[in-house]
Amino acid sequence: MSGKQNSAVGEQSPAGPKKATKAPKPESRLAMIRRARRINRELAEVYPYAHPELDFENPFQLLVATVLSAQTTDLRVNQTTPALFAKYPTPEDMAAAAPEELEAIIRPTGFFRAKAKSLIGLSTALRDNFGGEVPGRLKDLVTLPGVGRKTANVVLGNGFGVPGLTVDTHFGRLVRRWKWTEQEDPEKVEAETAEIFPKSEWTMPPPRIISPGRRICHSRKPACGACPIAHLCPSYGEGETDPEKAKKLLKYEMGGQPGQRLSPPPDYPGKPAPTLGEAE
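Values in this document were obtained by computation on a predicted structure and should not be read as measured data.

Definitions and limits used
Residues numbered from 1 in each chain as written. Predicted model: local features only at pLDDT ≥ 70, side-chain atom pairs only at ≥ 80, totals over all residues. Heavy atoms only, no water. Helix = DSSP H or I, 4+ residues; strand = E, 2+ residues; numbered from the N terminus. Contact = heavy atoms within 4.5 Å. Phe/Tyr/Trp six-rings, centres within 6.5 Å; stacked < 30°, edge-to-face > 60°. Buried < 20%, exposed > 50% of the residue type's maximum accessible area, 1.4 Å probe, protein only. Salt bridge = Lys/Arg side-chain N within 4 Å of Asp/Glu carboxyl O. Axes fitted to C-alpha atoms, helices over the stretch in contact; angles between N-to-C directions. Parallel < 35°, antiparallel > 145°, perpendicular 65-115°, else oblique. Left-handed = near helix turned anticlockwise from the far one by under 90°. Nonpolar A, V, L, I, M, F, W, Y, C, P; charged D, E, K, R; others polar.

Colleague: Please clarify how the side chain of S69 should be interpreted in this entry.
Modeller: Its location among the elements puts S69 in the loop between α3 (59–68) and α4 (74–87). Apart from residues no more than four positions distant in its own chain, S69 is found in contact with L54, D74 and V77.

And the structure:
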């Protein structure tokens, strides 16, 4: 045996060469569905009060508030709508609004000219085409100016009890982190998520998912160490894992701050949001 061979043999450990570590098996679709449903159940326990964070008393108010919520916070909408609904309580009233007066009221929500145009347009359509009532069908709602599929699903699920999945930026971000889907397009996210849950349950996962999206699982720095479903999250570790540091990243009632609702549900554990005058 040559010296080179002797050297090579001598470098081997007494136990022989190490075995290659097996890569973890990819999660099966069935396992993913079971994990997704468990996440939904556990979030229901953490956020029993979860529902759209918009104050409303009827489908028309919910429709208007949802249109106003584009490119702003639900808090700002909730601070704006009391004066709006006091002046324009019905579609007939809002259809007859002077654009400049409507714009002045909704100015705090941003993009107020475009939003005023949509509100007058949808109110006119409700008055002329639907007898002044908000329709309870998706195909009718999406014909209204300023109303897309996301807004329609919010109104159907929470104004009429018709099952629908509402996909916003928070929802899309979290379901991708949880590996329910890899899709970016909201309609594709909706379609793939809809396959995970029975149709009768479609309405509640979105507010339960949006709640931690706003409070814990932020886009830039998730508070992983304070997440109640960290044990079910395949993306755990993308954010702050130290519990004390993560706790400082929490928002709204979980961070000891007021929520976004001026009129929260009875079981809401935090403080109501301040009115527009109080906030400024």
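We are not done yet, so read on.
Colleague: So what exactly am I meant to see when it comes to the environment of L249 here?
Modeller: Secondary-structure assignment places L249 in the loop between α13 (243–247) and α14 (276–279). Along the primary structure L249 and Q183 are separated by 66 residues, whereas in three dimensions their C-alpha atoms are 27 Å apart. Each residue touching L249, except ones within four places of it in the same chain, is listed here: R215, H218, K221, P222, A223 and E240.

Colleague: Even after reading the chapter, I still don't get the side chain of H170, so can you show me in this structure?
Modeller: One can find H170 in helix α10 (residues 169–177). Residues contacting H170, with those up to four places away along its chain left out, are I210, G213 and R214.

Colleague: I tried to follow the packing of aromatic side chains on my own but got confused; where do I start?
Modeller: The geometry of an aromatic ring pair comes down to the distance between the two centres and the angle between the two planes. A full pass over the atoms with the stated rule returns four aromatic pairs. Pairing Y47 with Y49 gives two aromatic rings, centres 6.2 Å apart and planes at 80°, and the pair type is edge-to-face. For Y47, a relative accessible area of 1% translates into the label buried. Put simply, the rings of Y47, Y49 and Y268 pair up and form one aromatic cluster.

Colleague: Please explain the pattern of salt bridges as it appears in this structure.
Modeller: It is possible for side chains of opposite charge to pair when their charged atoms get near one another. In total, this model carries 14 salt bridges according to the counting rule given. One salt bridge in this structure joins E53 and R214, with 2.6 Å as the shortest N-O distance. Here the residue E53 occupies a position in the loop between α2 (29–46) and α3, and R214 occupies one in helix α12 (residues 205–215), the gap between them amounting to 161 residues. You'll find E53 and R214 in the same group, each marked buried. Between R127 and D128 there is a salt bridge; the shortest N-O distance is 2.8 Å.

Colleague: How should the packing of helix α6 (residues 99–106) against helix α7 (residues 112–129) be read in this particular structure?
Modeller: Remark: α6 packs on α7, axes separated minimally by 9 Å, with the N-to-C direction vectors making an angle of 120°. Judged by the angle between their axes, α6 and α7 are oblique. Handedness of the α6/α7 crossing: right-handed. Within the contact between the two elements, α6 uses P99, L102, E103 and I106 and α7 uses F112, R113, K115, A116, L119 and I120. Of the residues belonging to the contact of α6 with α7, the class tally is seven nonpolar, no polar and three charged.

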